[in-house]
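Now for the letters of each chain:
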Amino acid sequence: MTFNEYQEFVASMKRYPKEYTTLYPTLGLCGEAGEVAEKVKKHIRDGAKENFKETITKELGDVLWYLSALAGDLNITLQEVADTNKTKLEERLKNNTIHGDGDNR
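Each value, and the rule that gives it
Residues numbered from 1 in each chain as written. Predicted model: local features only at pLDDT ≥ 70, side-chain atom pairs only at ≥ 80, totals over all residues. Heavy atoms only, no water. Helix = DSSP H or I, 4+ residues; strand = E, 2+ residues; numbered from the N terminus. Rg over C-alpha atoms; globule rule 2.2 N^0.38 Å. Contact = heavy atoms within 4.5 Å. Areas by Shrake-Rupley, 256 points an atom, 1.4 Å probe, with all protein chains shown as cover. Lys, Arg positive; Asp, Glu negative; His and termini not counted. Charge placed at Lys NZ, Arg CZ, Asp CG, Glu CD. Axes fitted to C-alpha atoms, helices over the stretch in contact; angles between N-to-C directions. Parallel < 35°, antiparallel > 145°, perpendicular 65-115°, else oblique. Nonpolar A, V, L, I, M, F, W, Y, C, P; charged D, E, K, R; others polar. Phe/Tyr/Trp six-rings, centres within 6.5 Å; stacked < 30°, edge-to-face > 60°. Buried < 20%, exposed > 50% of the residue type's maximum accessible area, 1.4 Å probe, protein only.

Things to note about the overall build of the chain
Helix and strand counts for the chain come out as 4 helices and 0 strands. Counting from the amino terminus, helix and strand elements in the chain follow one another as α-α-α-α. On C-alpha atoms alone, the chain measures out to a radius of gyration of 16 Å, which is more than a quarter above the 13 Å that the 2.2 N^0.38 rule sets for 105 residues. With the C-alpha coordinates of the chain rotated into their principal frame, the extents come out at 40 × 40 × 25 Å. Look at the contacts in the chain between residues 6 or more apart in sequence, and 68% of them connect residues 24 or more apart. Summed over its atoms, the accessible surface of the chain is roughly 7800 Å², and 56% of this surface lies on carbon and sulfur atoms. In the chain, the 15 positive side-chain charges and the 18 negative ones have mean positions that sit 4 Å from each other.

Thoughts on the packing of helix H1 (residues 3-13) against helix H4 (residues 78-94)
Contact pair H1 / H4: the axes reach a minimum separation of 7 Å and the direction vectors enclose 140°. Taken together, H1 and H4 sit at an angle that is classed as oblique. Where H1 approaches H4, its residues Phe3, Asn4, Tyr6 and Gln7 are matched on the opposing element by Leu78, Gln79 and Ala82. Considering only residue class, the contact of H1 with H4 consists of 4 nonpolar, 3 polar and no charged.

Examining the packing of aromatic side chains
This model, assessed by the stated rule, comprises 4 aromatic pairs. With 6.0 Å between their ring centres and 45° between their planes, Tyr6 and Phe9 make a pair best called tilted. Pair noted here: Tyr6 and Phe9 are both in helix H1, with a separation of 3 residues, about one helical turn. A residue is classified by how much of its surface remains accessible, and Phe9, at 41% relative accessible area, is partly exposed. On the numbers, 6.3 Å between centres and 50° between planes, the contact of Tyr24 with Tyr66 is tilted. With Tyr24 in helix H2 (residues 23-46) and Tyr66 in helix H3 (residues 52-73), the pair connects residues that are 42 residues apart, well separated along the chain. With relative accessibility at 38%, the residue Tyr24 sits in the partly exposed group. A network of ring pairs unites the aromatic residues Tyr16, Tyr24, Trp65 and Tyr66 as a single cluster.

This is the structure in structure tokens:
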């Protein structure tokens, strides 16, 4: 499945009110990213668990769902997101600005 095929799948499953387009998936994305952070934190605290990979994969899938929904609400494809990010990071690497902080390095 490609990024864009997955995004079409997500679009077919959206069940939130139109007046909350972008807001609903943004809040969901933040919540799910927090759940990923919690799982990693507990993994560090409690040590390796047999099912960590399975658990974190499911949580990352939830992040991907909300990311896909948000991008779709903004008429941006996941392929565009991936391509734009790749170009940005390649440019930073080329300019030796991969480290540091700020948006426009």
